[in-house]
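# Observations on the three-dimensional arrangement
Given next are the chains, with one letter for each unit.
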Amino acid sequence: MTEKITIRFDAAQCLNPAGKHVRDGLSTGLRTGDNLWLSCDERTTIERLTFSDGSFGHHQSFDLREYLELPDGDNSEIDIEGMATTGHYIWIIGSHSLKRKKPRSHDSVKKQMKRLAKIQNDPNRYLLARIPFLLNKETGQYELHKQCEDPDKPGHVLRAAQLHGSKTSSLLTDVLQQDEHIAPFLTIPGKDNGFDVEGLTTSGERIFIGLRGPVLRGWAIVLEVETEEDEKGQLHLKQLTEDRPYKKHFLHLRGKGIRELRIFGEDMYILAGPTMDQDGVIAIYRWPGATRRTEQECMVHAKELERLCEVPHGKDADSGKDKAEGLAIYDEQHALVVFDSPVDARKVGADGVLADIIRLVR
C-alpha cells in the first residue's frame, strides 16, 4: 500500500542557476532522524528538510563547494546519484557518466543528427567524497562541517575528503580501466548502457556503489570499495582482493539497472529500473543477508532476491515523467521514494512535491 507525504522547498533556495526547480530533478534520498536529505541532479548542492506536522519542510540548501574541491567549480553539475552515512560522515557520489546530446525537434535533420553524435563530459561528476556530519543536540538538526572535532574521540579531527579526480576521471574509473566487465563501457554514455553510478550505501567502512549501467545479459553490478586517508587529506582505495582495490557483486535483476541502494540491518534494498532512457517497470527488491554475503564476491541469482513491489512510473501521456530515483529508509517498515520529472499531480503549490511511502514489510 502506498501513501503520500509532502516535501516543501524554500522558494529562495529551490532554483539552480539555469532556473530549474529542485523538485523537478530529485535523484537520491536519505533519512537521518527528523532530517530528509535530497539532491537534484543539476546542482552542486544537497538539500536538508525537517519532518514537522506530517510533512517535510524547513528547507536548507548546502553548497558542496564550501566543503569540497570540485574539479570544475560551479561550471558543471555533480549529477549526485547517491548519499549515505557511516560514523560521523555523509558520503556523496556523482554519476561518473558521460552524456549524449539530445536532438531538438525544431532543428534541421542534419543538426539533430549532429547533436546525437556529440558526447559530453561533466568534470564534477567524478566525485566520491565524505563530509563531517554531526547532530546539533540543541536544534535536533544534522549539520555539515568542513572540519570539526570527533565527538567520540577527543583530539581526533574529522575533515572533508574525496578521492583524487581530474576533469575526465577519478581513482575509481582509473582502476576500472582494466576491468574485464566494466572497461568496455567507460566510454559509452550512461543512458546508452554505459558506465553510470546511481546508488550508494554503506555498512561500517564498506561502501557499496550501485550501477545503472552496464547491465550484462540481465545482470546488474554493485561495486564495493573501502577508503583510507593520507596525511594530505586525500582518500585512496584500499586493496580488497588479491589484484583489485574493489569487489564486484552481480545481481540478476532480469535486465534492470540499479537506481538506488539502501542497507537496513543485514539486508540490502534495491530500487531497480530500465538502464536505457525509456519507460519500463521500476521495482524494489530485497537482498537478504547482503552484508554477510558480500564478505566474498557474489553472483546473486534472481531466485535469491525478493521482489517486494513495483513503483508507479509515468506512461502514455506522462511518458518520461515520474521516474523513481531516490529510496530512503523511512522507518522499520516503510521506504520513502522520490521522483525525477514529477507529473503535475505530484506537485504541491509552487514549491512542494509528493513523495511515496511504500510498505516493505508484509
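Quick summary incoming for the structure in this document. (Residues numbered from 1 in each chain as written. Predicted model: local features only at pLDDT ≥ 70, side-chain atom pairs only at ≥ 80, totals over all residues. Heavy atoms only, no water.)

## A few points about the nonpolar core
In plain terms, the rule: Here, the term nonpolar core denotes a set of buried Ala, Val, Leu, Ile, Met, Phe, Trp, Tyr and Cys residues that are joined through side-chain atoms within 4.5 Å. Only protein chains enter the accessibility calculation, which uses a 1.4 Å probe; a residue is then buried when its area is under 20% of its type maximum, exposed when over 50%, and partly exposed in between. Strands here are runs of E lasting at least two residues and helices are runs of H or I lasting at least four, both read from the DSSP assignment and numbered beginning at the N terminus. Any two residues whose heavy atoms approach within 4.5 Å at even a single point are treated as in contact.
In terms of nonpolar packing, the biggest core is built from 30 residues, with Leu176, Ile182, Phe195, Leu200, Ile209, Leu211 and Leu223 touching the most fellow members. Elements with a minimum of two residues in this core: strand E7 (89–94), strand E10 (128–136), helix H2 (171–176), strand E15 (196–203), strand E16 (206–213), strand E17 (219–225) and strand E19 (235–237). When residues of this core are assigned to their parent elements, the largest contribution, four residues, is made by E17. Among residues more than four places away in sequence, those in contact with Leu223 are Leu176, Ile182, Phe195, Ile207, Phe208, Ile209, Leu211, Tyr246, Lys247 and Lys248. Membership of the second largest hydrophobic core comes to 19 residues, among which are Tyr67, Met83, Ile92 and Ala129.

## Notes on a negative patch on the surface
Test applied: Patch criteria: residues need more than 30% relative accessible area and no salt bridge. Like-charged residues are merged within 9 Å; nonpolar side chains of Val, Leu, Ile, Met, Phe, Trp and Tyr are merged within 5 Å. Calculation of accessible area relied on Shrake-Rupley with a 1.4 Å probe; when residues are assessed, cover is drawn exclusively from the protein chains displayed. Between Lys or Arg on one side and Asp or Glu on the other, a salt bridge is scored when a side-chain nitrogen of the former is within 4 Å of a carboxyl oxygen of the latter. We treat Lys and Arg as the positive residues and Asp and Glu as the negative residues; His and chain ends play no part in the count. Positions of charges follow a simple convention, taking NZ of Lys, CZ of Arg, CG of Asp or CD of Glu.
A surface patch of like charges, here negative, comprises Asp277, Asp279, Asp316, Asp318 and Asp344. Examined against the element boundaries, Asp318 turns out to sit in the loop between strand E25 (306–311) and strand E26 (323–329).

## Topic: a positive patch on the surface
A cluster of basic side chains, namely Lys110, Lys111, Lys114 and Lys118, defines a positive patch on the protein surface. Note on placement: Lys110 falls in helix H1 (residues 109–116). Look at Lys110 and you get exposed, because its relative accessible area is 71%.

## Re the environment of Asn16
Where we set the bar: Two N or O atoms count as a polar contact when they lie within 3.5 Å, although within protein this holds only if one can serve as hydrogen donor and the other as acceptor, and sequence-adjacent residues are included solely when both atoms are side-chain atoms.
Along the polypeptide, Asn16 turns up in the loop between strand E1 (2–8) and strand E2 (26–32). By relative accessible area, Asn16 is classed as buried at 7%. Separated by 13 residues in sequence, Asn16 and Gly29 place their C-alpha atoms 18 Å apart. Every residue in contact with Asn16, bar those within four places of it in the chain, is listed here: Glu42 and Arg43. A polar contact of 3.0 Å, which involves the side chain of Asn16, links it to the backbone nitrogen of Ala18. Within the structure, Asn16 has its side chain in polar contact with the backbone nitrogen of Lys20 (distance 2.7 Å).

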